[in-house]
Structures are given as C-alpha cells and as structure tokens.
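# Examining the three-dimensional arrangement
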Amino acid sequence: MANDDLGLRYWQSQRVSRRKVIAGAAVGGAAVGAIAIVGCGGGKKTGTVAGSPTAVSGSTVTDGSQDGPAQPGGILNIRQPFALPSMKVFGPSILALAQGLYLGFTTYDHMWYVPTDTGVRELFLATKVEQPDPLTVIATLGDATFHDKPPVNGRKVTAEDVAASFKRFREEIGIGYDWLHNVMDDIVAVDERTVKITQKQTWAWVFTSSNAGSPITSSIHPKEILHNDDLLQKDAIGSGQWVLAGHDNGANIQFRKFEKFRPFAGTTPITGQPFLDGINNKLITDDVAALAAFKAGDIDTYGFTSKTEAENTKQALGDKIVVGSNLGRDYVTLMLKYEPPFLDQRVRQAFNLLIDRDEAMQLLTDDSAVKAGPIPPAHKLYALPEDDPDLKEYFRHDIADAKKLLDAASFDFDQEMELKHSVRPVDAQLAQVLQAQLKRGGIKVKLAPEDLVKWFSQSLGQGNFHMTCFLHLPYEDADLPLRFYLSGEGDRKNFMGYKDAEVDAAVLAAAGELDEKARIEKVRTAQKVI
C-alpha cells in the first residue's frame, strides 16, 4: 500500500476535488538487519516527495485547501489495487493488516489519533484524555452510535465496547514487540463513558499510531460481534464515518456516508462530515490500466509511480488535475535474516556498503526520493540530520571496502543467496536493482518473486526468508521503525530474528522517556546504535 491507499483518514475534514492527484514512490539504509535504502521522494532540490496535494493554478479548482464552506455531496471513485482477503480485521501477526488498515481508516472509529506532520494527539470519540501518572490513561467518551446493521441495529457506543475491542485484538499474535502485549496491562470501562488504560511500564509513545492510537487495534467494535467470525468475514460494523455498503469478495468495495456519524472530534464541532456521499473502489491491479482509468475519468485519484509519469500526465491533462508533492513516510528496505552469514557484523556492513542509494533513487524514482536512515526523514523531529557523521557513514557506498570486509569474514562467494520479494512492481524493481548492485561485490543473488499475499503472510510474516526487500507502509510514528529491531522469543520475535542487547536498551530507553527533547536525543542515539 502506498501513501494514497491510506488517505481516507483525512477525508473527514477535507474536501476532495475530482482531479486531486496523490503520488507516491519510495526507496530507504541500515547495517544491522534491515537496510533502509531511500525514503519516498519528490523534488530532488527541495527534498520533498509525493504525497499530500497542493492546489494548481486556476480559480475553479477546489482541492480542500481553499477557505470557505465545504460543498458536500458526490461519490469519489478510487482505485483498489488488490482485493481484501476478508473483512475480518482480527488475525495473527500481519495476516489481517490490509483490511485492518483500510477499514480502520474508514468504517471504524477511534478515541484519538496522532498524525505525523504535527505529532499532536487529535481527539476523535474521546472528548477528554487525562494521564494522572505515567502508567495510567483515562479517556472520557462523547456520544456516538454504531451503524444501523443487525444485530447491532444502531445502538449507542459505550466504554465497554472500547475495552472489549482492545482485548479482542490482544487475543491475536502481535507483530514483534508491541504495545498491546508487552506494554498494556489492562483496559477497563469505569462507567458507560469512561475508559481506563493501565500500563506495565512508562511508554512515551502510548497515544501514537502503532500503540493505543493504532488505526487497526484501536478500532471500536460492538462487543456482541467480536467473536462472530461468520459476520466479520463478510461485513464490518463500526461507528466510523463510512458505512460498508458492499463488496465483491473483497473487491470493488463501496462505502456510503454514515448520516449519524458523531458531530464532534474531541471538543471541535464537525457537523455534516464526511462531506462526500460515498466512495466507490474499483479493482484495478495493473498500474498502466489504473493510469488509463484516471485519464479517462473512471477514477478520481492516482498515485504516480515516478516523477516522469506525473509530469507527463500533468502536461497531457493540464488544469484538469492537481498534482501534489511532500515528504512521504513510506520507504523501501532490504531485510537480512539473523542467521549465517548475517550473524557476522562484517557481512552486514559489507552488504550495506554495496548498496548505491543514489543509483537506486535514480532507477526507482527518477531521482525524486531522499535517503532514509533507520527512521525515515519524514519524521523530522526524530530522524538523524543530514550532516550527522554516523548517518553519512551509513549511506557510504564503497565496493572495495565491502569486498575487504567479506574477505575478512571468509564469505563464501560461490553460494547463491535467495532474495524474496512480492510481485508488486516497486518490490520487483527494487529486487532487480539490489541484485545488480550486490553482484558488483561478487555476491550471487537469485530472485524469488512471490504472490503478494503469500509473500506477506508466509515469507515476511513468518520470517521465512534469507533476504527480502519491499516497500514499507508509511508509518505515522517514529516508534514502530525502531521496534523492528527489538529482540523477542517465539511468536514475539521480529521478522529478522535479530537480537542485540545494546540495541534493545537504546530503543526501550527512548520509549520510556516522557520529556520530548530528551526523547528526541535518545531516539537519535538508538539510530546510531543500530
């Protein structure tokens, strides 16, 4: 999924013009277990990347950034790049990730959310949030109702629904070290409108999108259907702004405006939102076909695969479209399984030295990306500055030094190493670039393309790979990219099986720091350790 796949979360407060274009492509670099290569790019000189829209010239264009009252109504037609396996958002590890994110940003409501661009908690269903001590969060809920579908039939949302939903998600196996299993102690309904969360340890990231503000695991469900698998496989009943109106076995999903959606976001009135009457998804798996559909007016948004494609389309359609660009949060990465030969740090460092990020940006994004460290540069507060000497070393490309490290580690140059990737175009292209770059260091790489669902659930999700490369999701907080490196046992291991006590200590020290200024420094220290 690229940036535009998750854009639904902003529609409750923003108008969308028929020709708004949200573009996205990525690359990211690491010498530990996961090598980030580059972050989603835009302008080479400005360091921006495709993502949020900006208005084009022309007084008739309304892209959501203009002042004045909204003009409600209309159906937005968008591309659906793949069918969802089901509507059930509960599942072990990453098996339910796609539907969890998509329905979490549309059908389900949440107590709050913390966007990347501000880092400030925005209240949704919660009208007040208190933290009387570092281990306790108390949320007061406003009045809201569920969608009018049986067996729920539009009843009132209560604190018991919120607590029961969190606990239902905790029944599933998480992704590595996570807040629900490792940090949250309990969540209870104090009364009909009050939720109380207690934690096992101080956790500075408690409100963010990979923790108690997750678009997936904070989704509020009616408590009576939480274990009704037959219903959950086929339908979704929430209290969010969009009612799931229909789908064709997970494809061509249709949403319609929830007319009884709460008229507030925290203490801010939002009466009448969402402004659209509905959203129609159209299953188009091929990028070329999707661009053709966009040009023909069959879909209203499109995520460009390159800067050249965006420029050519803008030249062809002129003021009929709005092209936007800012620094994206998604990035591509190479993950190395923590097993021979990658147990040897010299081998991991050598692989990192063989990666030419400048070439990768040119080949993958028409040079419209920026290099990414362990935390993507879109997280401006926490990412290492460009002039940091450790980051510069991290980005250094040197084939000769790489070969010296491999020789010192007695690396077997006769072995053929398998690189798994999904058949998504961005993943396949990245794999080809990495294969060519590693070959320059004498490393033989065999590409192993897999169906996206198989790769996602069986290879990445179960850590069943020697090497794998892919486009990461655009994570909204700086916590999750760090937690990919935390050690664990059994079902709690990270994808790479990576273990390092010093890394663990640095990542957890940052997570436990409540003072923002001190936390920023500890996050940067953790990246240097990684």
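In what follows, the structure referred to is the one given above.
Note that the structure is a prediction, hence the values are computed from the model and not measured.

## Observations regarding the nonpolar core
Counting 91 residues, the largest nonpolar core has Met 111, Trp 112, Phe 166, Trp 179 and Ile 197 as its most contacted members. Contacts of Ile 197, omitting those with residues within four sequence positions, involve Met 111, Trp 112, Leu 135, Thr 136, Val 137, Trp 179, Met 184, Asp 186 and Ile 187. One finds Leu 336, Val 347, Ile 355 and Ala 402 within the second-largest nonpolar core, a separate group that totals 28 residues.

## So, the pairing of strand β10 (residues 242–248)
Consecutive side chains of a regular strand alternate in pointing toward one face of the sheet and then the other. One ladder, built from 5 bridges, connects β10 with strand β11 (residues 251–257); its direction is antiparallel. Considered in β11, the bridge of Leu 244 is made with Phe 255. The hairpin turn running from β10 into β11, its antiparallel successor, is 2 residues long, and Asn 249 in that turn takes a positive phi close to 50°.

## So, the sheet that holds strand β6 (residues 126–133)
Taken in spatial order, the 4 strands make up an open sheet running β6-β7-β9-β8, and their pairing is antiparallel. Every interior strand has two partners, whereas the edge strands, β6 and β8 (184–191), have only one. Direction aside, neighbouring strands of the sheet carry axes that sit 20° apart on average. With 6 bridges connecting them, β8 and strand β9 (residues 194–199) associate as antiparallel partners. Counterpart to Val 188 in the pairing with β9 is Lys 196.

## Observations concerning the pairing of β6
Here β6 runs beside strand β7 (residues 136–141); their pairing, made up of 5 bridges, is antiparallel. Across the sheet, residue Glu 130 finds its bridge partner in β7, namely Ile 138. Here β6 hands over to β7 after 2 residues, the two strands then running antiparallel side by side.

The rules behind each value
- Residues numbered from 1 in each chain as written.
- Predicted model: local features only at pLDDT ≥ 70, side-chain atom pairs only at ≥ 80, totals over all residues.
- Heavy atoms only, no water.
- Core = buried A, V, L, I, M, F, W, Y, C linked by side-chain atoms within 4.5 Å.
- Buried < 20%, exposed > 50% of the residue type's maximum accessible area, 1.4 Å probe, protein only.
- Contact = heavy atoms within 4.5 Å.
- Pairing = 2+ DSSP bridges.
- Helix = DSSP H or I, 4+ residues; strand = E, 2+ residues; numbered from the N terminus.
- Axes fitted to C-alpha atoms, helices over the stretch in contact; angles between N-to-C directions.

Purely spatial values, then, with no claim about function.
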